[in-house]
Amino acid sequence: MAVISPDFTFSHQRLTDLDLNAFAPFFANLAADRYVSGHYRFRRYSRFTGPAERLERLPHDDFVQSRSVNYLSGDILREFAEIEPTLTELPEFQSLFRQVNGFFGLDPARTVYGVHQIRVTCSGDDHGLPVPEGIHQDGFDLIAIICTDRKNVEGAETGIFYHPEQKPAYSATLLPGDIVYCNDRRVYHYTSALQVSSGQVSGHRDVFVITVTLEDEQWKNSIPQPTSSVSESNFQPLSG
């Protein structure tokens, strides 16, 4: 199976034949992310390999990103609770993997997936920050950002950038069922703050972020590199 072309940058798609309501109980059972200031982000993290029908959970490990891609939490070992086994056994979770594999053209046996299950909340004047680290890359080969729920919120606009100091090449408010595929070696991404909808007391936004690490070094080496990397001088979140 051939992986997607190294020239690929990003694509905004819709999931098909997937009951998003099946994920809701699992997002309500996330632990607080203790690596951000405030009590608005909740998270689990696990690694997998193999085909969707026979996902193999890899040994649990701390999540770490280089400071070169994450100036807020880079070079910090972050420990998150594992994704619940009952979630990974859901047909909907397996369907999600099939669609990601189908779009990218992945060989599951030669791929490591990092799955981040994240809820960001907001209430009153307290805004939630989906991406407190600002415009960034994740430090992997490919990524998929999947929105599964938005309840009583406004904002949270996702932008894709060719350069961290330029305007976004694409921006959209991801609705439940939307998925953005990115070549993490070629583009940057960001999501702005979310706030409670008028007349509501609280709200939340639920996403899966799936990072993809490939064994195909030839594919990696053929990718045109970005013209600039994030540095401390341009590490600035978007307004809003």
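Let me begin by describing the structure that accompanies this report. Computed from a predicted structure; not experimentally measured. (Residues numbered from 1 in each chain as written. Predicted model: local features only at pLDDT ≥ 70, side-chain atom pairs only at ≥ 80, totals over all residues. Heavy atoms only, no water.)

**Here we look at the sheet that holds strand β9 (residues 170–173)**
Strand pairing in a sheet is mediated by backbone hydrogen bonds. Such pairs are either parallel or antiparallel.
Next, step 1: Ordered by their spatial adjacency, 3 strands build an open sheet running β9-β8-β11, and the pairing between neighbours is antiparallel. Strand pairing shows two members of the sheet lacking a second neighbour, β9 and β11 (188–191), which therefore form its edges. The average undirected angle you get between the axes of adjacent strands in this sheet is 15 degrees.
Next, step 2: Where strand β8 (residues 157–161) and β11 come together, 4 bridges link them in antiparallel fashion. Pairing of Gly 159 across the sheet is with Tyr 190, part of β11. (Pairing = 2+ DSSP bridges. Helix = DSSP H or I, 4+ residues; strand = E, 2+ residues; numbered from the N terminus. Axes fitted to C-alpha atoms, helices over the stretch in contact; angles between N-to-C directions.)

**As for the environment of Thr 111**
Next, step 1: Position of Thr 111 relative to the elements: it lies in strand β5 (residues 111–123).
Next, step 2: Taking the relative accessible area as the measure of exposure, Thr 111 reaches 2% and is therefore buried.
Next, step 3: Measuring from C-alpha to C-alpha, the distance between Thr 111 and Pro 51 comes to 9.5 Å, with 60 residues separating the pair along the chain.
Next, step 4: Setting aside residues no more than four positions away along its own chain, Thr 111 makes contact with Phe 48, Thr 49, Gly 50, Leu 106, Val 212, Thr 213 and Leu 214.
Next, step 5: Within the structure, Thr 111 has its side chain in polar contact with the backbone oxygen of Asp 107 (distance 2.8 Å). (Buried < 20%, exposed > 50% of the residue type's maximum accessible area, 1.4 Å probe, protein only. Contact = heavy atoms within 4.5 Å. Polar contact = N/O pair within 3.5 Å; in protein donor to acceptor, adjacent residues only side chain to side chain.)

**Examining unusual backbone geometry**
Next, step 1: Positive phi, normally seen in glycine, also occurs at Asp 17, with a value near 50 degrees.
Next, step 2: With respect to the helices, strands and loops of the structure, Asp 17 is situated in the loop between β1 (10–14) and α1 (24–27).
Next, step 3: You will see that Asn 152, though not glycine, has its phi angle at about 60 degrees, which is positive.
Next, step 4: Tracing the backbone shows Asn 152 in the loop between β6 (142–151) and β7 (153–155).
Next, step 5: Note on Asn 152: relative accessible area 25%, which makes it partly exposed.

**Remarks on the nonpolar core**
Side chains that are nonpolar tend, in soluble globular proteins, to be buried together.
Next, step 1: Ranked by internal contacts, the top residues of the largest apolar core, which has 35 residues, are Phe 23, Phe 104, Phe 208 and Ile 210.
Next, step 2: Breaking this core down by element, the ones donating at least two residues are α1, β3 (41–49), α3 (91–104), β5, β6, β10 (178–183) and β13 (202–214).
Next, step 3: No other element matches α3, which puts 5 residues into this core.
Next, step 4: When neighbours within four sequence positions are excluded, Phe 208 is seen to be in contact with Phe 23, Phe 27, Leu 87, Phe 93, Leu 96, Val 115, His 116, Gln 117, Ala 144, Ile 145, Ile 146 and Thr 148.
Next, step 5: If you look at the next biggest cluster of nonpolar residues, it comprises 20 residues, including Ile 160, Val 180, Leu 194 and Val 209. (Core = buried A, V, L, I, M, F, W, Y, C linked by side-chain atoms within 4.5 Å.)

**What to know about the pattern of salt bridges**
Next, step 1: Throughout the structure, instances matching the rule amount to 8 salt bridges.
Next, step 2: A salt bridge links Arg 14 to Asp 178, with the nearest nitrogen and oxygen atoms 2.7 Å apart. Separated by 164 residues along the polypeptide, Arg 14 in strand β1 and Asp 178 in strand β10 bring together distant segments of the chain.
Next, step 3: The class of Arg 14 is partly exposed, set by a relative accessible area of 48%.
Next, step 4: Judged by relative accessible area, which is 6%, Asp 178 ranks as buried.
Next, step 5: Among the ionic contacts, a cluster of salt bridges with common partners joins Asp 33, Arg 41 and Arg 43. (Salt bridge = Lys/Arg side-chain N within 4 Å of Asp/Glu carboxyl O.)

**Here's the deal with the environment of Val 153**
Next, step 1: Residue placement: Val 153 occurs in strand β7.
Next, step 2: With relative accessibility at 10%, the residue Val 153 sits in the buried group.
Next, step 3: Sequence separation between Val 153 and Gly 203 is 50 residues, and the spatial gap between their C-alpha atoms is 5.4 Å.

**Thoughts on the pairing of β13**
Next, step 1: In terms of burial, β13 is largely enclosed, as 11 of its 13 residues are buried.
Next, step 2: Where β5 and β13 come together, 13 bridges link them in antiparallel fashion. Opposite Tyr 113, over in β13, you have Val 212 as the bridge partner.

**Observations concerning the side chain of Ser 46**
Next, step 1: Mapped onto the secondary structure, Ser 46 falls in strand β3.
Next, step 2: Separated by 3.0 Å, the side chains of Ser 46 and Arg 57 make a polar contact.
Next, step 3: Only 2.2 Å separates the side chain of Ser 46 from the side chain of Glu 82, close enough to count as a polar contact.
Next, step 4: Ignoring anything within four residues of it in the chain, the contact list for Ser 46 reads Arg 57, Glu 82, Ile 83, Tyr 113, Gly 114 and Val 115.

Bear in mind that shape data such as this cannot, by itself, settle questions of function.
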